[in-house]
Amino acid sequence: MNLLILGGTAFLGRAVATHALARGHSVTCAARGSAPAPEGCTFVPLDRDDLDGLAPVADRRWDAVVDLSRDPRHVARAVSDLDPAHWVLVSTANVYAGFDRREQAESSPTLAPLEDLDDSADYGRAKITCEASVRGARASSTVIRPGLIGGPGDASGRSGYYPWRFAHPTSTDVVVPDAPDMPVAMIDVDDLAAWIVDVAQRRLHGVYNATGTTTTLREALRISAEAARSTATPLWVDPRTLAEADVAPWMGEVSLPLWIDDPTWRWFATLDTTAARAEGLVTRPLAATIARALAYERSRAVLHGRSPDRAGLSDDDERRVRALALGGARGR
């Protein structure tokens with residue numbers, strides 16, 4: 001297969017390129033080049049903000065194009081300028097209109113597309129607009145709506161923060177949100193990447209959710225402590241105390257991942273993946289992804305000679321939140 005990846009130099013795109021190369025496919029990565037492309041692929045530098053930015057890769061017929069963009073103008077231009085036999089768009093679970101139900105299917109209501117393509121700050125609406133472009137293309141297409149992606153390369157720290165923190169506690173406990181039953185699901189970057197290559201090769205047509213099996217925050221923390229071989233225990237801190245300490249849910253510079261303090265978003269991480277699994281999606285256990293995320297965090301610490309830069313709580317933040325929580329936290 002002659003595969004073009006629009007991106008391919010960071011996290012998921014890089015994993016897709018690596019898996020495709022391992023299967024013997026010819027891979028071209030087209031991107032700005034902020035990170036090096038995997039060895040073995042052809043790298044084409046380009047800027048998709050330019051009206052003719054795709055010209056360097058528009059003069060040939062591709063067996064498949066994988067697009068990871070969130071910019072509706074970029075995707076619309078790609079559909080106009082490129083002529084592949086198949087499209088794969090990596091969308092997101094954020095396209096759904098609500099998250100008050102467990103493991104919603106692909107047929108669930110979605111957000112409205114953007115009316116102004118320059119107003120792409122709304123991630124979910126931007127992605128559903130990108131989906132519309134690809135689904136309207138002449139070629140067949142696979143639209144994949146992943147949940148949280150974790151494992152090696154997750155620089156956000158959303159999959160690596162807790163195992164890293166249990167491995168490097170600031171006390172005999174670890175500050176966590178008092179939401180032990182919060183639903184949690186995550187897909188390993190390599191499981192998703194392998195399936196993307198598979199559906200591109202097979203030219204699978206349709207829309208598919210993709211994430212791991214649903215569990216709880218309590219279990220994810222247990223797995224994280226086990227991966228870190230840590231004796232530290234969770235310190236369950238009331239969300240009101242976390243808000244007082246300016247700790248954000250899910251993501252951000254000072255945040256605690258795998259948790260959202262909003263009942264209308266309770267099931268955000270979960271998705272019905274029946275259709276994708278029927279088409280060959282296989283996901284490894286969460287414990288394996290957490291262990292891989294911890295190894296990645298450790299490799300970054302060695303590389304930079306310090307704790308890795310990523311979202312979560314710094315040591316000072318953890319001590320500050322613990323001090324605020326004294327008397328209000330409880331064990332489980």
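Residues numbered from 1 in each chain as written. Predicted model: local features only at pLDDT ≥ 70, side-chain atom pairs only at ≥ 80, totals over all residues. Heavy atoms only, no water.

The protein chain carries the name NAD-dependent epimerase/dehydratase family protein in an unreviewed UniProt entry, which gives Demequina lignilytica as its organism.

Caption draft 1: Quick peek at a negative patch on the surface. Taken together, the side chains of Glu115, Asp116, Asp119 and Asp122 define an acidic patch exposed on the protein surface. Here Glu115 lies in the loop between β5 (86-90) and α3 (123-135). Glu115 sits in the exposed class, given a relative accessible area of 80%. (Patch = residues over 30% accessible without salt bridge, like charges linked within 9 Å, V, L, I, M, F, W, Y side chains within 5 Å. Areas by Shrake-Rupley, 256 points an atom, 1.4 Å probe, with all protein chains shown as cover. Salt bridge = Lys/Arg side-chain N within 4 Å of Asp/Glu carboxyl O. Lys, Arg positive; Asp, Glu negative; His and termini not counted. Charge placed at Lys NZ, Arg CZ, Asp CG, Glu CD. Helix = DSSP H or I, 4+ residues; strand = E, 2+ residues; numbered from the N terminus. Buried < 20%, exposed > 50% of the residue type's maximum accessible area, 1.4 Å probe, protein only.)

Caption draft 2: Representation of the packing of helix α2 (residues 72-81) against α3 within the structure. α3 packs onto α2 with a crossing angle of 5° between their chain directions and a minimal axis gap of 9 Å. Taken together, the axes of α2 and α3 are roughly parallel relative to one another. On α3, the residues that touch Pro72, Val75, Ala76 and Val79 of α2 are Ala126, Thr129, Cys130, Ser133 and Val134. Here the contact of α2 with α3 is composed, by residue class, of seven nonpolar, two polar and no charged. (Axes fitted to C-alpha atoms, helices over the stretch in contact; angles between N-to-C directions. Parallel < 35°, antiparallel > 145°, perpendicular 65-115°, else oblique. Contact = heavy atoms within 4.5 Å. Nonpolar A, V, L, I, M, F, W, Y, C, P; charged D, E, K, R; others polar.)

Caption draft 3: Representation of the UniProt feature "domain: NAD-dependent epimerase/dehydratase" (unreviewed entry) in the protein chain in the model. According to UniProt, the positions carrying the feature "domain: NAD-dependent epimerase/dehydratase" (unreviewed entry) are residues 4-202. Secondary structure across residues 4-202 comprises 28% helix and 20% strand; the distance between its end C-alpha atoms is 15 Å. (UniProt positions renumbered as here; feature names shortened; annotations may be inferred.)

Caption draft 4: Focus on the sheet that holds β5. Strand order in this open sheet of seven strands is β3-β2-β1-β4-β5-β6-β11, and the pairing throughout is parallel. The outermost strands of the open sheet, each flanked by one partner alone, are β3 (42-45) and β11 (206-210). The average angle at which neighbouring strand axes cross in this sheet is 20°, direction not considered. For strand β2 (residues 26-31) and β3, the ladder comprises four bridges, and the chain directions are parallel. Note on β3: the bridge partner recorded for Thr28 is Thr42. (Pairing = 2+ DSSP bridges.)

Caption draft 5: Region of the structure containing unusual backbone geometry. Unusually for a residue other than glycine, Glu103 sits at a positive phi of about 45°. If you trace the backbone, Glu103 turns up in the loop between β5 and α3. Overall, Glu103 belongs to the partly exposed group, its relative accessible area being 27%. Of note, Asp246 is a non-glycine position whose phi angle comes to about 60°, a positive value.

Caption draft 6: Main features of helix α6 (residues 217-228). Relative to the 16 Å expected for 12 residues at 1.5 Å per residue, α6 spans 16 Å between its end C-alpha atoms, a close match to the ideal helical length. Listed as buried for α6 are Leu217, Ala220, Leu221, Ile223, Ser224, Ala225 and Ala228. (Expected span 1.5 Å × (residues − 1).)

Caption draft 7: Structural context of the packing of aromatic side chains. A full pass over the atoms with the stated rule returns six aromatic pairs. Plain terms: the ring middles of Phe99 and Phe268 are 4.9 Å apart, the flat faces sit at 90° to each other, and that makes the pair edge-to-face. Of the two residues, Phe99 sits in the loop between β5 and α3 while Phe268 sits in the loop between β15 (255-256) and α8 (274-278), which places them 169 residues apart along the sequence. Looking at Phe268, the relative accessible area reads 9%, which means it is buried. Their ring planes at 55° and their centres at 5.1 Å tell us that Trp265 and Phe268 sit as a pair that is tilted. The partly exposed category is assigned to Trp265, whose relative accessible area is 32%. Each member of the aromatic cluster is reached from another via a ring pair, and the members are Phe99, Trp250, Trp265 and Phe268. (Phe/Tyr/Trp six-rings, centres within 6.5 Å; stacked < 30°, edge-to-face > 60°.)

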